[in-house]
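Coordinate analysis (summary)
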Amino acid sequence: MLVALVAGVSLLEPSFLKAASLRTLAEQFPLIFMLSMGQMTVILLGRIDLANAAVTSFAAILMAKWAPDLGTFGIVAVIAITSGIGALHGWLHMRAQVASFMITLGGLGVWSGLALFISEGRSLSVDPGVASRLFDRTLGIPNAAIAAVVVAVGYAYLLANCTFGRRLFAVGNGQRPASLSGVNADRIVLIGFAISGFFSGLAGTVLIAWLEIASPTTANSLLLPAIAAVILGGTAITGGVGGVGRTLIGTLIVAVLRVGLDVAGVETSIQPVIFGMLAIVSVAVTIDRSRLPVIK
Amino acid sequence: MVQTDYLADSASALPDSPSGADWLTPRRRRMLAAWGPVITLGALVLVLTIVNSKFATAANIKTIANQSAIPLVLGVGLAMVILLGAIDLSIEGVMVATMFSVALMAANNVNDLDLGVLAIIVGLAIGAAFGAVNGMVNAYLRIPSFMVTFGMWFVGIGVAQRLLGRQPPRIDLEARNWVTVQRLGVQQMFFIAVIVVALGFLLLRHTRLGRHIYAIGGNEELASQSGVHVRRVKVMVFTMAGVLSGLGGAFALGRAGVADVTASQGRLFTTIAGVVLGGTLLSGGRGGVLQSSVGIIIMIVLRNGMVLAGVDPFLQDAVEGAIVVAAVIAMNWSARAKLRVVA
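The following refers to the structure shown. This one's a predicted model, so the numbers in the text were calculated from it and none came from an experiment. (Residues numbered from 1 in each chain as written. Chains lettered and ligands numbered in written order. Predicted model: local features only at pLDDT ≥ 70, side-chain atom pairs only at ≥ 80, totals over all residues. Heavy atoms only, no water.)

**Thoughts on the packing of helix H3 (residues 52-70) of chain A against helix H4 (residues 72-96) of chain A**
Residues and elements named next belong to chain A. Selection criterion: Axes, fitted as lines to C-alpha atoms, cover a helix only where it is in contact. Angles between the N-to-C directions of the axes lie from 0 to 180 degrees. Secondary structure counts use DSSP, requiring at least four H or I residues in a row for a helix and at least two E residues in a row for a strand, with both numbered from the N terminus. Angular relationships are summarised with four words: roughly parallel below 35 degrees, roughly antiparallel beyond 145, roughly perpendicular across 65 to 115, and oblique for the angles in between. In this scheme, a crossing is called left-handed if the near helix is turned counterclockwise away from the far one by less than a right angle; it is called right-handed if the turn is clockwise. The contact rule is simple, with two residues in contact once any of their heavy atoms fall within 4.5 Å. Residues were grouped as follows: Ala, Val, Leu, Ile, Met, Phe, Trp, Tyr, Cys and Pro as nonpolar; Asp, Glu, Lys and Arg as charged; and all remaining residues, including Gly, as polar.
Contact geometry for H3 and H4: axes closest at 8 Å, N-to-C directions at 150 degrees. When the axes of H3 and H4 are compared, the pair comes out roughly antiparallel. When the axes of H3 and H4 are compared, the crossing they make is right-handed. Every residue of H4 that contacts H3 at Val55, Phe58, Ala59, Leu62, Met63, Trp66 and Leu70 is listed here: Thr72, Phe73, Gly74, Ile75, Ala77, Val78, Ile79, Ile81, Thr82, Ile85 and His89. Tallied by class, residues from the contact of H3 with H4 come to 14 nonpolar, 4 polar and no charged.

**Re the pattern of salt bridges**
All names here are of chain B. As a reminder of what qualifies: Criterion for a salt bridge: a side-chain nitrogen of Lys or Arg within 4 Å of a carboxyl oxygen of Asp or Glu. Whether a residue is buried, partly exposed or exposed follows from its accessible area with a 1.4 Å probe, protein chains only, as a fraction of its type maximum: under 20%, in between, or over 50%, in that order.
Scanning the entire structure with this criterion turns up 5 salt bridges over all chains. For the salt bridge of Glu220 with Lys234, the shortest nitrogen-to-oxygen distance reads 3.0 Å. Here Glu220 is found in helix H10 (residues 220-225), whereas its partner Lys234 is found in helix H11 (residues 230-256), with 14 residues between them in sequence. Residue classification places Glu220 among the buried positions, given a relative accessible area of 13%. A residue is classified by how much of its surface remains accessible, and Lys234, at 5% relative accessible area, is buried. Several salt bridges converge on common partners, so that one network encompasses Arg303, Asp317 and Glu320.

**Notes on the nonpolar core**
Formally: Residues grouped as a nonpolar core are buried Ala, Val, Leu, Ile, Met, Phe, Trp, Tyr and Cys residues, joined through side-chain atoms within 4.5 Å.
Counting residues in each nonpolar core, the largest one holds 188 residues, and the members touching the most others are Leu89(B), Met147(B), Phe150(B) and Ile272(B). Per-element accounting of this core gives the leading share, 13 residues, to helix H3 (residues 58-83) of chain B. Not counting residues within four places of it along the chain, the set of residues in contact with Ile272(B) comprises Met102(A), Leu105(A), Leu78(B), Ile87(B), Leu89(B) and Val324(B).

**Topic: the interface of chain A and chain B**
Rule in force here: The term buried area means the drop in 1.4 Å probe accessible area that two parts suffer when joined, counted for both and summed. Distance and chemistry together define a polar contact, namely a pair of N or O atoms within 3.5 Å, with one atom able to donate a hydrogen and the other to accept it when in protein, and with adjacent residues in sequence counting only for side-chain atoms on both sides.
Facing the 55 residues of chain A at the interface are 58 residues of chain B. Buried area between chain A and chain B, both sides added, is near 4,800 Å², and the carbon and sulfur share of it is 74%. Broken down residue by residue, the surface that chain A buries against chain B is led by Gln97(A), Arg176(A) and Lys296(A), which jointly contribute 18%. Here Glu267(A) ties to Arg162(B) by a salt bridge, and the two come within 3.4 Å at their closest N and O atoms. Across the chain A-chain B interface, the total number found is 4 residue pairs in polar contact (both at pLDDT 80 or more). Contributions of two or more residues to the side of chain A that touches chain B are made by H4, helix H5 (100-119), helix H8 (175-180), helix H10 (223-233) and helix H12 (271-286) of chain A. Per-element accounting of the side of chain A that touches chain B gives the leading share, 14 residues, to H5(A).

**A look at a nonpolar patch on the surface**
All names here are of chain B. Our working rule: Patches here: salt-bridge-free residues with over 30% relative accessible area, like charges joined within 9 Å, nonpolar side chains (Val, Leu, Ile, Met, Phe, Trp, Tyr) joined within 5 Å. Only the protein chains shown count as cover for residues, and the accessible areas themselves come from Shrake-Rupley with a 1.4 Å probe.
A surface patch of nonpolar side chains, about 430 Å² in accessible area, is lined by Leu113, Leu115, Val117, Leu118 and Ile121. Along the polypeptide, Ile121 turns up in helix H5 (residues 117-140). Judged by relative accessible area, which is 48%, Ile121 ranks as partly exposed.

**Points about the environment of Ala144(A)**
Residues and elements named next belong to chain A. As for its position among the elements, Ala144 is in helix H6 (residues 143-161). A relative accessible area of 3% means that Ala144 is categorised as buried. Distance in space between the C-alpha atoms of Ala144 and Ala284 is 33 Å, their sequence separation being 140 residues. Every residue in contact with Ala144, bar those within four places of it in the chain, is listed here: Pro30, Leu134 and Phe135.

**A look at the packing of aromatic side chains**
Two descriptors summarise a pair of aromatic rings, namely the distance from one centre to the other and the angle between the planes of the rings. We count it as follows: By convention, a stacked pair of Phe, Tyr or Trp rings (six-membered ring in the case of Trp) has centres within 6.5 Å and planes under 30 degrees apart, an edge-to-face pair has planes over 60 apart, and any other such pair is tilted. In this scheme, Lys NZ or Arg CZ marks a charge over a ring once it lies within 6 Å of the ring centre and within 35 degrees of the ring normal.
The tally for this structure, following the rule as stated, stands at 10 aromatic pairs over all chains. On the numbers, 5.7 Å between centres and 45 degrees between planes, the contact of Trp178(B) with Phe251(B) is tilted. Note that Trp178(B) is positioned in helix H7 (residues 177-180) and Phe251(B) in helix H11, a separation of 73 residues in sequence. By relative accessible area, Trp178(B) is classed as partly exposed at 24%. Put simply, the rings of Tyr155(A), Phe198(A) and Phe199(A) pair up and form one aromatic cluster. Sitting above the plane of the Trp333(B) ring, Arg336(B) keeps its charged end 3.7 Å from the centroid.

**Regarding a positive patch on the surface**
Heads up, the rule is: His is not counted here, nor are the chain ends, while Lys and Arg score as positive and Asp and Glu score as negative. Taken as the charge location is NZ of Lys, CZ of Arg, CG of Asp or CD of Glu.
A contiguous patch of positive charge, built from Arg27(B), Arg28(B), Arg30(B) and Arg286(B), is present on the exposed surface. Within the fold, Arg30(B) resides in helix H2 (residues 26-51).

**Let's talk about the packing of H10(A) against helix H11 (residues 244-263) of chain A**
Residue and element names in this part refer to chain A. Contact geometry of H10 with H11 gives a least axis separation of 7 Å together with a crossing angle of 130 degrees. On the basis of the axis angle, H10 is oblique to H11. Like other packed secondary-structure pairs, H10 and H11 cross with a definite hand, here right-handed. For the pair H10 and H11, the contacting residues are Pro225, Ala228, Ala229, Val230, Leu232 and Gly233 in the first and Arg246, Thr247, Gly250, Thr251, Ile253, Val254 and Arg258 in the second.

Here's what the structure looks like:
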């Protein structure tokens, strides 16, 4: 599908394969990829995180506020905070037994409200310090894209070979059997949400390094494309099926689509319609209905 | 919502709550659930009256009435969806899509169309179409409602952005009259909203459709086996919710006079928080339109109190998000059970 898409876009719009569009693609890719990796972790558990893009905006604003005083340490501190925010979502979700979309929808309101409050609704310019090297180029490829792939490989290794990875899939495949076989499902879900928060923090770092501006709302429009990337890649929202490789493909499809639509002159205004429908259609194709007794 | 109760069916889940104190007999608990929101609203009003001298003035109460109209209408639609055990996240998207459609069809400064009342009717039909798609995809393609309506949220916003040309459409003063004309000192839309609440109440209490909605929310499988046409009811409910989101959009247009893509921001939170605070459980089958309306008025009064106290508007948004979480957790607390799986 990815190959077909690239071929299709190139045929319709030969300029797509030119350096400029490919560069845009390489610049957009790491940001969406970080968000979709976090989202994938939560979706593998059969949950969803509607707050992760808002947390990314919140992280970017905090980094902008703290960069002058704390420098690189500020970035590390913010990533720790976003991981904590994710853990908080996971804890509330499991402890109160409230659907994850509901908790994280509330989180979306809280963190985007706080981001706007802290920044007083304005965009802040930020000196990314060390992080600015993320968008230096090695052989013409932004370092961030390389770093993203390295993180992905490490994460894929963790999921495939560590106990945590196996437990994550076990809980996603069936929480009750997993709990009865001694997996602490509460803890696994909490860690899953914390990982989503961690990736939101990384995405915030990529964002400020790329734009050198932190706006309280920039990342918010990436919530839907990131979810679409995960599901298009073939990770089912019912949980337990999917992985890093699929999400990488899904993210590339979404990134090519975004850049391709721009190159092809499709107005930005209509893009939410396309991604909204794409998300619904890909869920319809990948969902495992036998796992759901009733569909609410 | 993906949810499975393994140990207890939801009907018997209430009495053995982990936090059940002795004095809280099931009967008293039901009383508390029924009257709690009203008591909360009363206490809130009392506190605000004491704390802020500007609260209990005629002008401020009129403001609250005017501000309640849109959330009340949205709340009736969402309450019916939540009673099914489903959710509608597309409210804001449908609102702005309708807002722009109506603005471009009524007497406006962008094109020469002036369809009068027909503009509103077509606008509500567009809302109905969005709702029908939500319902059909949810019921026939079998996709969880939060996912479908989440996608449709952005579809609606995209449609609105597409309809926004070089300048936002502004409608003529006369075209706003049906919303803003003063009756008894309050804008007419408040009374329309009250009628909608009454109709919603009658529908749930006194029609077969209403009983079927409660039946599906209580236990979908059982309802289906007793001959309830589950899919048709779902499509009808989502369609009604779509119409009401559309009406909310038309109200918002009448109030502002100009269509705006960000006009519906934050509506979803107020509505969900209100409906749940009123005691309509997210798991479905319990609650009603009147309870939800009380919850919604709590949210409006709360926001009004924050405005009077001079709280930063952005911070108010954050507070509302926190209230959504707190309300949902508090209302769901007694339904918790060991090994219960909630996705």
